[in-house]
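Residue-level listing of the chains:
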Amino acid sequence: DIIQGKHACRPTLEELHEARFLEKAKRRQSTYSILSREHKKGKVIKFGWLEGVYMRCLLNIWGVMLFLRLSWVIGQAGIGWGIAVICLANIVTLFTTLSMSAVSTNGLIEGGGIYYMISRSLGPEFGGAIGLMFTLANSVAVSMYIVGFCESIQDVLRMFGTSIIDNSTNDIRLIGSVTLIGILVLAFVGMDWVTRTQMCLLVVLLFSQIDFVIGTILGPKNNVEIAKGFTGYHLEVFKQNLQADYRYFEGVDHDFFSVFSVFFPAVTGIVAGANLSGDLKDPSSAIPKGTLLAIGTTFLSYIAYAIMMGGCMLRDAVGNVTLVMESEGLPRAELYEQLGDCNGTCRYGLHNDNQAMELASVWGPLIYGGCFAATLSSAIASLVGAPRVLQALAKDKLYPNIEFFAKGYGANNDPARGYILVSCIAFGCILIAQLNAIAPLLSNFFLAAYALINFSVFHASISKCPGWRPAFKYYNAWVSLVGTLLCIAVMFLISWWTALVTFFVVITLYLYVSYRKPEVNWGSSTQAQAYNFALKSALDLNRVQEHVKNYRPQLLVLSGLPSSRPPLIDFAHLITKGNSLLMCGHVMKGTHSQRVYEAISQKAYRWFDQHRIKAFISIADEASGSFETAAQSLMQIAGLGKLRPNTVLMGYKSDWQTCPREELDQYFSLIHSALDNYLAVAILRMPYGLDYSSVLQDKDVVMVSSLDKKDAEDKIRRNQSEENPGLTTETSPDGDTEGDGDGDGEGSAD
């Protein structure tokens, strides 16, 4: 399986040609052994799919929404449309998970989770934008989950008629600060203890749900519970709750999509396992398996709980115990109608009581324990996941001075500096204590990441990228496109203005990273799409008929190295202005290795970039003939399709009176050859000539002789390796060989 770590370091063509791959592998093995001896002591913790992905996704998806908002969703949308809300939300996450599974099985997945996937698929621009947004969103989410935990604590304290300070904001700040410090200490202790803690919280979550299920089966324990709307399973209650009953609530006149926007954040925990990709034994296997199973488990549980709530709880209940006691002998339907007749002043029921799940349980405090476990587990997951995304982003150096957070500590390379930064952001938000206004913005940040995961799969599939070969086969490009559109639609459904803010932030960060032009090459699908677009355009151009209105001078400049004759290149650029083809021809004396041609080409393109000139370089040698023959070859083979030179630009031969007769004959033969090939000829004459190679200092020198010598040594070594496979040669400790320097291209000719 080529996606496994032992096959991740594939040889390049150059290494295969030069028989250097085995040596490279041995050097890497020796380097790893040295690093392992120098590494800090500690136990390296790697997780499987169960505890690393499945458990963490369950903890995040079974969040506080399950206990406090699912009953309200069923009260508003009814059982039928409530199930439709749950299904639509899970369709979005399912499509995203299928796309994420495809990306995670397309090669080696390192630390960084969702940032690593997007950056390696769509390039550093989108990856850098999402990585920074995702880190910030998770940092603020830590404070939101902790504030939710504090509010649950306050509810419990109110039940007992007590408080810590003022039973308000100051209580939230105090409890939240202590909780944040506890979670931070847990993160510093290590991922092993984080996992153990989350397992305990998962047990509490499971027992709280079992408590609710058993409670609905046993039914109400007394008349007080009946008065508050808990009737036990009854067909009449099920019929009443089957259809929707949308109402005005908290300043909003609700409908299907508004209820959907409230419920959707409950299912956005699908990347909890992927964010810890660097701590997984086999991310390519664990992420798809664990995430898909978690989605399936939570989907079935949400559907089941929706039906249970709709079958045993009234929408409205007045809470009058006397009414229940006096109605003995009345038909159930009539009793339920009387309990719900409160003219909008009911305090209980699915519509009005967020603690409806606690009312229907066997032991109410266990439901509060479930709320505590849900909020704390989500806070822990965000505090542990966000610094790892930041650490991966810092290692790539996409933003200035961010590499400070790249350093890891201990055997597991824990991002301690990231822990402190995320905790500081969370602490500042906890002091605010009112985060409801920015909650939709955080959801939109997560949805933007999901949309880009879906889009990366669609883009990689339609661009026919050769490196796009995911082992996960249960995906489809058009399903991923639908997932992208659904994520964008949900962003606007949740809050149209936060969706616009999210798009603005993504575009701003994208443009910033594009402006910085980071020196990374990850083989993204955007690179593959650029090739496809260029190839298609070149082929389409062949079918376009030429017309004088669209005539463009397409120049072949016989300049030699561009740095040697800058006036000739500048004059050609004044003609083309980057809107027409400009090719520079360079003829080299003798035969050289491929390294020499590549080094000279790279030098020319660096010169073009420095002078902001859009041009190509074409190199020929005169090994099989004269300079004239090599130049004629350039005229005949330069270009592609209709992107071919129609004009030859050359320098004026100022020494025609003193040069050898043979050079003068070649010069005039070159002009005739151009005309014979139906090429226009332009000759540039300057008062002081065109060759500035002896005047300008060339810092980017290509040592042709050194590169040729190195190539000859590699050929000898390769032949020896073929005769004796066990024979190896000595190399420098850093893996480099001599002669990688630069030098001037010998034999440059006009």
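Quick note: structure is the one above.
It should be emphasised that the depicted structure is a prediction, and the values quoted were computed from it without experimental measurement. Per-chain numbering applies: the sequence of each chain, read as written, is numbered from 1 onward. Reporting in this predicted model follows two pLDDT cut-offs: at least 70 for local features of residues, and 80 or more for side-chain atom pairs to be given and counted; totals over whole chains, interfaces and linings ignore these cut-offs and use all residues. Note that water and hydrogens are dropped before the side-chain values are worked out from all heavy atoms of the structure.

Draft legend 1. Structural detail: the overall build of the protein chain. Strands are runs of DSSP state E lasting at least two residues, helices are runs of H or I lasting at least four, and both sets are numbered from the N terminus onward. A count of helices and strands for the protein chain gives 27 helices and 7 strands. When the 750 residues of the protein chain are sorted by exposure, 49% land in the buried category. In this description, contact between two residues means that some pair of their heavy atoms is separated by no more than 4.5 Å. Across the protein chain, the fraction of contacts at a sequence separation of at least 24, relative to all contacts at a separation of at least 6, is 82%. All accessible-area figures derive from a Shrake-Rupley calculation using a 1.4 Å probe, and residue coverage is judged against the displayed protein chains alone. Carbon and sulfur atoms provide 59% of the accessible area of the protein chain, an area that totals close to 36500 Å². Relative accessibility thresholds used throughout: buried, under 20% of the residue-type maximum; exposed, over 50%; partly exposed, between the two (1.4 Å probe, protein chains only).

Draft legend 2. Seen up close, helix α21 (residues 496–516). To estimate the expected span of a helix, subtract one from its residue number and multiply by 1.5 Å. End to end, α21 covers 31 Å across 21 residues, agreeing with the expected 30 Å (1.5 Å per residue, within 8%). Here α21 has its buried residues at T498, A499, T502, V506, L509 and V513. For α21, the arc enclosing every buried residue in end-on projection is 105 degrees, short of the 170-degree limit, so these residues lie on one face. Of the exposed residues in α21, the ones pointing more than 90 degrees away from its buried face are W496, F504, L511 and Y515. Taken from the helix axis, the directions to the C-beta atoms give the arc we talk about.

Draft legend 3. Focus on the packing of helix α3 (residues 49–61) against helix α13 (residues 283–312). Angles shown run from 0 to 180 degrees and are taken between the N-to-C directions of axes, each axis being a line fitted to C-alpha atoms and, for helices, limited to the stretch in contact. The interhelical angle for the contact between α3 and α13, taken along N-to-C directions, is 35 degrees, at an axis separation of 8 Å. Crossing hand, α3 versus α13: right-handed. Side by side, α3 and α13 meet where W49, V53, Y54, C57, L58 and I61 of the first sit next to A286, I287, K289, G290, T291, L293, A294, T297, T298 and Y302 of the second. Under this grouping Gly is polar, as are all residues other than the nonpolar Ala, Val, Leu, Ile, Met, Phe, Trp, Tyr, Cys and Pro and the charged Asp, Glu, Lys and Arg. Here the residues of the contact of α3 with α13 sort into 11 nonpolar, 4 polar and 1 charged. Here is the rule for handedness: rotate from the far helix to the near one, and if that takes an anticlockwise turn smaller than a right angle the crossing is left-handed, while a clockwise turn gives right-handed.

Draft legend 4. Expanded view of the sheet that holds strand β3 (residues 555–558). Ordered in space as β5-β4-β3-β6-β7, the 5 strands form an open sheet in which the pairing is parallel. In the strand order of this sheet, the two ends are held by β5 (616–621) and β7 (680–684), each with one partner. Adjacent strand axes in the sheet meet at a mean angle of 25 degrees when their direction is disregarded. By this definition, two strands are paired if DSSP reports at least two bridges between them. Pairing between strand β6 (residues 647–651) and β7: 5 bridges, direction parallel. Directly across from G651, in β7, lies its bridge partner L684. In this fold helix α23 (residues 566–576) packs onto β3, β4 (582–588), β6 and β7, with an angle of close to 175 degrees to the strand it touches most, β3. Relative to the sheet, helix α24 (residues 594–610) contacts β4 and β5, its axis offset from that of β5 by approximately 150 degrees.

Draft legend 5. Layout of the pattern of salt bridges. A side-chain nitrogen of Lys or Arg and a carboxyl oxygen of Asp or Glu constitute a salt bridge if their distance falls within 4 Å. Scanning all chains against the criterion turns up 12 salt bridges. Where R247 meets D245, a salt bridge forms, and the shortest distance between an N and an O atom there is 2.9 Å. Between D540 and K536 there is a salt bridge; the shortest N-O distance is 3.0 Å. One end of the pair, D540, and the other, K536, are both in helix α22 (residues 525–542), 4 residues apart, so they sit about a helical turn from each other. One connected set of salt bridges, linked through shared partners, spans D245, R247 and D316.

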